[in-house]
There are 2 protein chains.
Amino acid sequence: MDHRSQCPIAVSLDLLGDRWTLVLIRDLLNGKSKFSEFLQSPERISTNILTDRLGKMEASGLVTRSRYQERPRRYQFELTEMGRGLHPVLCEICRWGNRFFPDTWTPPDSFMQTQNEEA
Amino acid sequence: MDHRSQCPIAVSLDLLGDRWTLVLIRDLLNGKSKFSEFLQSPERISTNILTDRLGKMEASGLVTRSRYQERPRRYQFELTEMGRGLHPVLCEICRWGNRFFPDTWTPPDSFMQTQNEEA
């Protein structure tokens, strides 16, 4: 991929800088893997945006895709080490969101404490 | 602002989820404040995107704007407490970027260690 600069923030945002990618990483960290599961999340992603984002996430190495059904063809998605490595980023975003938007949900301790060094 | 859900990740991305906002937060944390300074960053943001993003960042409470010149009118921008509070998020993004994109710059210790609890 051609990056805007060699700044790790700019390079990371070339992959992550949209409203959906990190929401899908959240879902994957929480055990979701199938198209229908992502569609059920409260943010109500549309099917075309979901298809687009999962394709880009696979291309950039954040997830892998495998077929689990033949007719009709259905795929499931799994985080790579690179995708799982975003867990500390999500935790800091949660802390920031909880601090400045008091109405937001407090993530369960299981999300904020585990997985941190797993990837 | 009307949010997609009460998930702190989704709410945060409603403000931060694009390729530029956190790059500008980086510049502001590093002392930049003026339009011309943001334009000089290596990512080469365009003037219309810069105007749009700074306006949105002001509207969402990440920065404040003040006039520093009358003819022609020029403004400078300063992080709010909410904006400065993103420093830990940026540090985690840097760690992730440095880990998975070895060609990226390693931020100076002064960026990774200071400011953490300032906001």
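What you see is a predicted model, and the numbers here were worked out from it, not measured in a lab. (Residues numbered from 1 in each chain as written. Chains lettered and ligands numbered in written order. Predicted model: local features only at pLDDT ≥ 70, side-chain atom pairs only at ≥ 80, totals over all residues.)

Caption draft 1: Representation of helix α1 (residues 8–16) of chain A in the model. Within α1 of chain A, eight of the nine residues are buried, which leaves the element mostly enclosed by the surrounding structure. Where α1 of chain A is concerned, the buried positions are P8, I9, A10, V11, S12, L13, L15 and L16 of chain A. Elements in contact with the buried residues of α1 of chain A: α2 (21–29) of chain A together with α2 (21–29) and α6 (87–100) of chain B. (Buried ≥ 20, exposed ≤ 12 C-beta atoms within 10 Å, placed from the backbone. Helix = DSSP H or I, 4+ residues; strand = E, 2+ residues; numbered from the N terminus. Contact = placed C-beta atoms within 7 Å.)

Caption draft 2: The relation of the copies chain B and chain A, seen in detail. Superposing chain B onto chain A takes a rotation of 180° plus a shift of 0.0 Å along the axis, which leaves an RMSD of 0.0 Å. What the superposition gives is, in effect, a two-fold axis relating one chain to the other. The C-alpha atom lying nearest the rotation axis in chain B is that of D18 of chain B; the distance is 2.2 Å. Most of the interface of chain B is mirrored in chain A, where 100% of its interface residues are also at the interface. (Least-squares fit on C-alpha atoms with pLDDT ≥ 70 in both.)

Caption draft 3: Spotlight on the interface of chain B and chain A. Each side of the interface is counted separately: chain B has 37 residues, and chain A has 37 residues. At eleven residues, α6 of chain B tops the list of elements feeding residues into the side of chain B that touches chain A.

Caption draft 4: Molecular detail of the environment of R4 of chain B. Counting through the fold element by element, R4 of chain B comes out in the segment before α1 (8–16). Residues R4 of chain B and V23 of chain B, 19 residues apart in the sequence, show an inter-C-alpha distance of 24 Å. Aside from chain neighbours lying at most four places away, what touches R4 of chain B is E43 of chain A together with A10 and D14 of chain B.

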